[in-house]
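Structure assessment
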Amino acid sequence: MTAARFITLEGGEGVGKSTQLRALAAVLRARGLEVVETREPGGSPGAEAVRDLLLTGVADRWSPRAEALLFAAARADHVGKIIRPALQRGAWVVSDRFIDSSRAYQGMGELTDEDILTLHRIGSSGFLPDRTFVLTLPDVEAESRAQTRDGGDSDRIGGRDRAFHQQVAQAFSRFATMEADRIRAIDASGEAQAVTTRLLQGLDDLLP
Ligand SMILES: Nc1ncnc2c1ncn2[C@@H]1O[C@H](COP(=O)(O)OP(=O)(O)O)[C@@H](O)[C@H]1O
Ligand SMILES: [Mg+2]
């Protein structure tokens, strides 16, 4: 029996995280693994309720501090109720966003990266993925993919301005450079199938 693994997909809006999550899960299942597909914010009933609070409503509904705490609370529930139990029974878990999204979106303004990691230590004992893929795509391409999908309707955080999203993308790239053992930047351009192949190459050392 192989060790269960926790894999996360990260990156900005429209880079293909949700598409790749489904594709990656299908390939892993075809290899005989039990796979749990999940997402953040959300993933457990309690955290999905918090997701609604976070992603709907007016732009200034939450202060940056309140928002960061809500994300950390949702994640604590998600880790405790879904992710850890799945790993304990031997399933692989793949999540569409996790802690690195909080670091990139909530840890680059009023709060620092260190603040976000402190909240994660309190909420989830600092629990980290075995591997994280940051999907990278030129801004214009990601915007155009998101636009095709949503027709211009974005959620409370997705609707922030271009400068904010550029800062988020830069933060993700920085994490991949500084934490190369866990976090790999993956080129998300081209056909979805080609991207999935790149992701699988990035799991070579973890796959049975
Ligand atoms: N490799 C790709 N090439 C072209 N379009 C893609 C590709 N991957 C995903 N898409 C499309 O782009 C849009 C955004 O993809 P999605 O997986 O929803 O991104 P994310 O979850 O990162 O926001 C969707 O409409 C999806 O079908
Ligand atoms: Mg998505």
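All figures in this text were calculated on a predicted structure; none of them were measured in a lab.

The rules we used
- Residues numbered from 1 in each chain as written.
- Chains lettered and ligands numbered in written order.
- Predicted model: local features only at pLDDT ≥ 70, side-chain atom pairs only at ≥ 80, totals over all residues.
- Heavy atoms only, no water.
- Helix = DSSP H or I, 4+ residues; strand = E, 2+ residues; numbered from the N terminus.
- Rg over C-alpha atoms; globule rule 2.2 N^0.38 Å.
- Buried < 20%, exposed > 50% of the residue type's maximum accessible area, 1.4 Å probe, protein only.
- Contact = heavy atoms within 4.5 Å.
- Areas by Shrake-Rupley, 256 points an atom, 1.4 Å probe, with all protein chains shown as cover.
- Lys, Arg positive; Asp, Glu negative; His and termini not counted.
- Charge placed at Lys NZ, Arg CZ, Asp CG, Glu CD.
- Phe/Tyr/Trp six-rings, centres within 6.5 Å; stacked < 30°, edge-to-face > 60°.
- Lys NZ or Arg CZ within 6 Å of the ring centre and 35° of its normal.
- Near = heavy atom within 4 Å.
- Polar contact = N/O pair within 3.5 Å; in protein donor to acceptor, adjacent residues only side chain to side chain.
- Nonpolar A, V, L, I, M, F, W, Y, C, P; charged D, E, K, R; others polar.
- Arc of directions from axis to C-beta.
- Core = buried A, V, L, I, M, F, W, Y, C linked by side-chain atoms within 4.5 Å.

Things to note about the overall build of the protein chain
Assigned secondary structure in the protein chain consists of 8 helices and 5 strands. Traced from its N-terminal end to its C-terminal end, the protein chain shows the element sequence β-α-β-α-α-β-α-α-β-α-α-β-α. Relative to the compact-globule value of 17 Å for 208 residues, the protein chain shows a C-alpha radius of gyration of 16 Å, a close match. Within the span of the protein chain, comprising 208 residues, buried residues form 46% of the whole. Counted over contacts in the protein chain with a minimum sequence separation of 6, partners at least 24 positions apart contribute 78%. Accessible surface computed for the protein chain: about 10000 Å², of which carbon and sulfur atoms make up 52%. In the protein chain, 26 positive and 30 negative side-chain charges are present, and the distance between their average locations comes to 3 Å.

Focus on the packing of aromatic side chains
Taken as a whole and judged by the stated rule, the model has 5 aromatic pairs. With a centroid separation of 6.3 Å and 70 degrees between ring planes, the pair formed by Tyr105 and Phe172 is classed as edge-to-face. One end of the pair, Tyr105, is in helix H4 (residues 99–106); the other, Phe172, is in helix H7 (residues 162–178), with 67 residues separating them in the sequence. Among the residues examined, Phe172 registers a relative accessible area of 1% and is labelled buried. An aromatic cluster of three or more residues is present, and its members are Tyr105, Phe164, Phe172 and Phe175. Looking at Arg103, its charged tip hangs above the ring of Phe175, at a distance of 4.0 Å from the centre.

Notes on the site of ligand 1
Neighbouring ligand 1 are 13 residues; Gly14, Lys17, Thr19, Arg149 and Gly190 lie closest to it. Here an oxygen atom of ligand 1 sits 3.5 Å away from a polar atom, N or O, in the side chain of Glu13. Within the complex, the protein chains bury 74% of what would otherwise be the 560 Å² of accessible surface of ligand 1. Looking at the shell around ligand 1, the elements that each hand over two or more residues are helix H1 (17–30) and helix H6 (139–150). Here the shell around ligand 1 takes 3 residues from H1, the largest share from any one element. The class makeup of the residues in the shell around ligand 1 is 2 nonpolar, 6 polar and 5 charged.

Thoughts on the environment of Ala49
One can find Ala49 in helix H2 (residues 45–55). Considering only alpha carbons, one finds Ala49 and Ala74, 25 residues apart in sequence, at a separation of 8.5 Å.

Things to note about H2
It helps to recall that an α-helix has 3.6 residues per turn; residues three or four apart then point in one direction. Residues of H2 that are buried: Ala47, Val50, Arg51, Leu54 and Leu55. Take H2 and look down its axis: the buried residues cluster within an arc of 120 degrees, on one side only. Among the structural elements, strand S2 (35–39) and helix H3 (64–88) are those in contact with the buried residues of H2. Trailing H2 by a residue or two, Gly57 shows a phi angle of about 95 degrees, which is positive.

Here's the deal with the environment of Ile83
By the secondary structure assignment, Ile83 is in helix H3. Residue class for Ile83 comes out buried when judged on its relative accessible area of 0%. Considered as a pair, Ile83 and Asp100 are 17 residues apart in the sequence and their alpha carbons are 16 Å apart. Contacts of Ile83, omitting those with residues within four sequence positions, involve Phe6, His78, Val93, Phe98 and Phe127.

Considerations on the nonpolar core
Across soluble globular proteins, nonpolar side chains show a tendency to be buried alongside one another. Counting residues in hydrophobic clusters, the biggest one holds 23 residues, and the most contacted among them are Ile7, Leu24, Leu28, Trp92 and Val94. Listed by contribution, the elements that provide at least two residues to this core are strand S1 (6–10), H1, strand S3 (92–96), strand S4 (131–136) and helix H8 (192–201). In terms of residues, this core owes the most to one element, H1, which gives 4 residues. Every residue in contact with Trp92, bar those within four places of it in the chain, is listed here: Ala3, Ala4, Arg5, Ile7, Leu28, Leu33, Glu34, Val35, Val36, Leu206, Leu207 and Pro208. Among the nonpolar cores identified, the runner-up in size contains 18 residues, and Ala47, Val50, Leu54 and Val134 belong to it.

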